[in-house]
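Results of the structural survey
Now for the letters of each chain:
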Amino acid sequence: MSSGNREFFKRLVEGSTFASVLLLLPLPLSAKPENMPAATRKALVNHLEKEASELIHRGSFVAAQVPLRRAIKLDPNNGLLYWDLGRACYNNMDDMENGLAEAERCFRKCIQLTPGNNSVYGSLSNLLLIQKRYQEAIQVCDAGLKVKSPSSTCFGNKAAALSGLNRNQEALLVTDLYIAAAEDQSTLKSALESKAGILENLRRYRDALVVYKQLDAKGHSDSYLFKQVDCLEKLGQSDEAVRVLTVIIGRNPRDEDALARRARVHGRKGHLKEAEADYTRALSELKTSSFLKERAEIYKRMGRHDLYQADLKAAEQL
């Protein structure tokens, strides 16, 4: 690079116009980073990395790849740049298949260059889980758990991979490690959710119910109450299931899903009037053919064949 070009880049780095001008200046393919002053190269890389981070934060993943690829040309041994590029490729919804393949290459390159980066193992194992490459995901998680200050994400992803291989007893042991390693409430919630799901896979519904109650106590969420209902129904505790559904409906009287689910429980218990009332309320919020057909069956059991036929006809017209 000529002395004039060096001075130009220096002024860009130091001047207020640097951010707005840089992205308009594509780096020549023939550029030789080693000939650029170290301070100038470092400033360029830092700016490009910052620009890419802002684009990723805004969800502009494809656009973020441009400054990252330029930065890698300038600093090809910077593992964090490959991690950022991998995350940008991973989230490329326009070209998912190629994006995942490119992301995997970037994550593996990052591990090669910076094997102590605990976060990249979580990123790579996430990618492998999406592709159902469970055994490889376990291997990556095990490697990630050996680094200094390992990420708890590796425990969660390893548990998910083991569960994907139907090794749920092993997965359950790993979730306990995941819970113990949780560094904040958000991670703890994810760990407990993982444990509850694996307990359900093992058909240990009573134990799963306990965990879902823990989760709801930490932060009220209808999703945890619905999961409690799932467990209660599988345990044959229909009265308790109705009670929990009533709590959900009390929070949101217009929740058609909760109303329909309570109607089904009432129907199975033979409480036809209660079932009919809940289906009617659910239909007033969301008219679907399935709700109409289910209410039709209630009317049939009640001997109200005119209403039975009317609901079937209405269902066919949707």
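Residues numbered from 1 in each chain as written. Predicted model: local features only at pLDDT ≥ 70, side-chain atom pairs only at ≥ 80, totals over all residues. Heavy atoms only, no water.

**What about the overall build of the protein chain?**
The secondary structure content of the protein chain amounts to 18 helices and zero strands. Expressed as a percentage of the 318 residues in the protein chain, the buried residues total 43%. Across the protein chain, contacts joining residues at least 24 apart in sequence account for 46% of those joining residues at least 6 apart. Of the roughly 16900 Å² that the protein chain leaves accessible, carbon and sulfur atoms contribute 51%. (Helix = DSSP H or I, 4+ residues; strand = E, 2+ residues; numbered from the N terminus. Buried < 20%, exposed > 50% of the residue type's maximum accessible area, 1.4 Å probe, protein only. Contact = heavy atoms within 4.5 Å. Areas by Shrake-Rupley, 256 points an atom, 1.4 Å probe, with all protein chains shown as cover.)

**Points about the side chain of Q65**
Structurally, the position occupied by Q65 is in helix α4 (residues 61–74). Excluding anything up to four places from it in sequence, Q65 contacts L85, A88, C89 and N92.

**Quick notes on the pattern of salt bridges**
Under the definition given, this model contains 24 salt bridges. Of the charged contacts in the structure, one is a salt bridge between D216 and R251, with a shortest N-O distance of 3.9 Å. One end of the pair, D216, is in helix α12 (residues 205–218); the other, R251, is in helix α14 (residues 238–251), and 35 residues separate them in sequence. For R251, a relative accessible area of 38% gives the class partly exposed. (Salt bridge = Lys/Arg side-chain N within 4 Å of Asp/Glu carboxyl O.)

**What about the side chain of E104?**
Note on placement: E104 falls in helix α6 (residues 96–113). Given a relative accessible area of 14%, E104 falls into the buried group. When residues no more than four places from it in sequence are discounted, the contact partners of E104 are L124, L127, L128, Q131 and R133.

**Some remarks on helix α5 (residues 79–90)**
With twelve residues, α5 should cover 16 Å at 1.5 Å per step; its first-to-last C-alpha distance of 16 Å lies within 8% of that length. Counted residue by residue, α5 has nine buried out of twelve residues, so it is predominantly covered. For α5, the set of buried residues is G79, L81, Y82, W83, D84, L85, G86, A88 and C89. Those residues of α5 hidden inside the fold are in contact with α3 (38–57), α4, α6 and α7 (118–130). N-cap assignment for α5: the residue whose side-chain oxygen lies 3.1 Å from the backbone N of L80 is N78. (Expected span 1.5 Å × (residues − 1). Polar contact = N/O pair within 3.5 Å; in protein donor to acceptor, adjacent residues only side chain to side chain.)

**Details of the nonpolar core**
Considering soluble globular proteins, one finds that nonpolar side chains tend to be buried as a cluster. Counting residues in each nonpolar core, the largest one holds 79 residues, and the members touching the most others are F107, V120, Y121, Y212 and L245. Those residues in contact with F107 that lie beyond four places of it in its chain are W83, G86, R87, Y90, V120, S123, L124 and L127. (Core = buried A, V, L, I, M, F, W, Y, C linked by side-chain atoms within 4.5 Å.)

**Some thoughts on α14**
Along an α-helix, residues three or four apart share an orientation, since each turn contains 3.6 residues. Given a rise of 1.5 Å per residue, 14 residues ought to cover 20 Å, and the 20 Å separating the end C-alpha atoms of α14 matches this to within 8%. Along α14, the residues classified as buried are A241, V242, V244, L245, I248 and I249. Here the buried residues of α14 occupy an arc of 165° about the axis, which is enough to place them on one side. Projecting away from the buried face of α14 at angles above 90 degrees are the exposed residues D239 and G250. Considering only its buried residues, α14 is in contact with α13 (222–234), α15 (256–269) and α16 (272–285). (Arc of directions from axis to C-beta.)

**Concerning the confidence of the model for the protein chain**
The pLDDT averaged across the protein chain works out to 89; a share of 89% of its residues lies at or above 70. Looking across the protein chain, the model is least confident in helix α2 (residues 18–22), with a mean pLDDT of 33, and most confident in α16, with 98. Note that pLDDT drops below 50 for residues 1–31; the model gives that stretch 32 contacts with residues more than four away or on any other chain. (pLDDT = per-residue confidence, 0-100.)

**A short note on the environment of D239**
Position of D239 relative to the elements: it lies in helix α14. Taking relative accessible area as the criterion, D239 reaches 54% and is therefore assigned exposed. With 26 residues separating them in the primary sequence, D239 and V265 have C-alpha atoms 8.6 Å apart.

**Some thoughts on the packing of helix α8 (residues 134–144) against helix α9 (residues 153–164)**
Closest axis-to-axis distance for the α8/α9 pair is 9 Å, and the angle between their directions is 155°. Overall, the two elements α8 and α9 adopt an arrangement that is roughly antiparallel. Viewed along their axes, α8 and α9 form a crossing whose handedness is left-handed. Residue-level inspection shows Y134, A137, I138, C141, D142 and G144 of α8 in contact with α9, the latter providing C154, N157, K158, A161, L162 and G164. Across the contact of α8 with α9, the residue classes tally to seven nonpolar, three polar and two charged. (Axes fitted to C-alpha atoms, helices over the stretch in contact; angles between N-to-C directions. Parallel < 35°, antiparallel > 145°, perpendicular 65-115°, else oblique. Left-handed = near helix turned anticlockwise from the far one by under 90°. Nonpolar A, V, L, I, M, F, W, Y, C, P; charged D, E, K, R; others polar.)

**A word on the packing of aromatic side chains**
For the coordinates displayed, the defined rule picks out zero aromatic pairs. In this structure, R87 packs its charged tip against the face of W83, placed 4.4 Å from the ring centre. (Phe/Tyr/Trp six-rings, centres within 6.5 Å; stacked < 30°, edge-to-face > 60°. Lys NZ or Arg CZ within 6 Å of the ring centre and 35° of its normal.)

**Concerning the environment of L199**
As for its placement among the helices and strands, L199 is situated in helix α11 (residues 185–201). The spacing of L199 and N168 is 31 residues in sequence and 8.1 Å in space, taken between C-alpha atoms. Leaving out residues up to four positions away in the same chain, L199 has contacts with L172, R204, D207, A208 and V211.

**Considering unusual backbone geometry**
Excluding glycine, a negative phi dihedral is what most residues carry, and trans is how most peptide bonds are arranged. Phi at S149 is positive, roughly 55°, even though this residue is not glycine. With respect to the element layout, S149 can be found in the loop between α8 and α9. Even without being glycine, N166 reaches a positive phi, approximately 60°. Structurally, N166 can be placed in the loop between α9 and α10 (168–181).

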